[in-house]
Amino acid sequence: MEETITRVKPAIVGIGTYQKMNTPPITFKGTGFVVGDGLHVVTNAHVIPESLDLEKKEKYVVITGQDNKPDLRDATIISVDKAHDIALLKISGTTLPVMQLGESDTIREGRRMAYTGFPIGMILGFYPVTHQAIISSITPIIRPAHNTTQLDAKLIRQLQSPFLVFQLDGVAYPGNSGSPLYDPDTGIVYGIINMVYVKGSKEAALSAPSGISYAIPGKYIVNLLKEFKVPVQ
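What counts and how
- Residues numbered from 1 in each chain as written.
- Predicted model: local features only at pLDDT ≥ 70, side-chain atom pairs only at ≥ 80, totals over all residues.
- Heavy atoms only, no water.
- Salt bridge = Lys/Arg side-chain N within 4 Å of Asp/Glu carboxyl O.
- Helix = DSSP H or I, 4+ residues; strand = E, 2+ residues; numbered from the N terminus.
- Buried < 20%, exposed > 50% of the residue type's maximum accessible area, 1.4 Å probe, protein only.
- Contact = heavy atoms within 4.5 Å.
- Core = buried A, V, L, I, M, F, W, Y, C linked by side-chain atoms within 4.5 Å.

Draft legend 1. Spotlight on the pattern of salt bridges. For the structure on display, the rule yields six salt bridges. Here Glu-50 makes a salt bridge to Lys-82, at a shortest N to O gap of 3.2 Å. Placement of the pair is Glu-50 in the loop between β3 (40–43) and β4 (59–64) and Lys-82 in the loop between β5 (71–81) and β6 (86–91), with a sequence separation of 32 residues. With a relative accessible area of 69%, Glu-50 lands in the exposed category. We note a salt bridge from Asp-105 to Lys-219, for which the minimum N-O separation is 3.3 Å. Of the two residues, Asp-105 is situated in the loop between β6 and β7 (112–117) and Lys-219 in helix α4 (residues 219–227); the sequence distance between them amounts to 114 residues. Overall, Asp-105 belongs to the exposed group, its relative accessible area being 61%. Relative accessible area serves as the criterion here: at 31%, Lys-219 is assigned to the partly exposed category.

Printed below as a string of structure tokens:
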């Protein structure tokens, strides 16, 4: 696993916005990872801000590099698939190392996995963090509502057309959104972290993590890449 982490870390990036006059100028939003031709990045749809302050020249950026010397790449939103919580971005500059995508339909409960990202953002610098977990369940992506007052538009849409996701027995935090879920021996990606089960308030995700997280199967990433003719490694 030590070798796998060393190999995948250069393909793990941060997702954020940049506005020169802000303090700090970079606003971290979540994690992403490089795929395809080395110029495309996958993250969660919910990580991408729906609008920018164009008057103040705010822009999307992908954060690469490590330690206290992050490098910013301008990013363009290619597609946002809200139904499966996946977004595809294209970055400027030279190509980056990529992560290989596997066939997520082959994954069974009990499979050991790892995920690498930035669980608490850039508070301590730009240092990727790796966690381990097993696939504890393959379950519909719906959260039960105890009564109708807890139903909102998003939950109703999920109830109407649920799809299966990976439930993990691993600790993840809000900054882990968009982290690749991969085989710890090969580094092949089979999913993308998208949700943490929160007990109580949102702050509890940091102070009292539940140890239950969810990941979108990688087949939806593959479908998105094929739709936009991005090479699938």
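Resuming the write-up.
Draft legend 2. Region of interest: α4. Listing the buried residues of α4 in full gives Tyr-220, Ile-221, Val-222, Leu-224 and Leu-225. Elements in contact with the buried residues of α4: β2 (26–35), β3, β5, β6, β11 (189–196) and β12 (213–217). Positive phi shows up at Lys-229, right after α4, with a value of about 55°.

Draft legend 3. Quick peek at the nonpolar core. Ranked by size, the top nonpolar core spans 43 residues in total, and within it Phe-33, Val-41, Val-42, Val-62, Met-99, Ile-216 and Ile-221 carry the most contacts. Where this core is concerned, the elements lending two or more residues are β1 (12–18), β2, β3, β4, β6, β11, β12 and α4. Apart from the residues within four sequence positions on either side, Met-99 is in contact with Val-8, Ala-11, Ile-12, Phe-33, Val-34, Val-35, Pro-180, Tyr-182, Gly-187, Val-189 and Gln-233. Grouped together as the second largest cluster of nonpolar side chains are 14 residues, Tyr-115, Ala-133, Val-196 and Ala-215 included.

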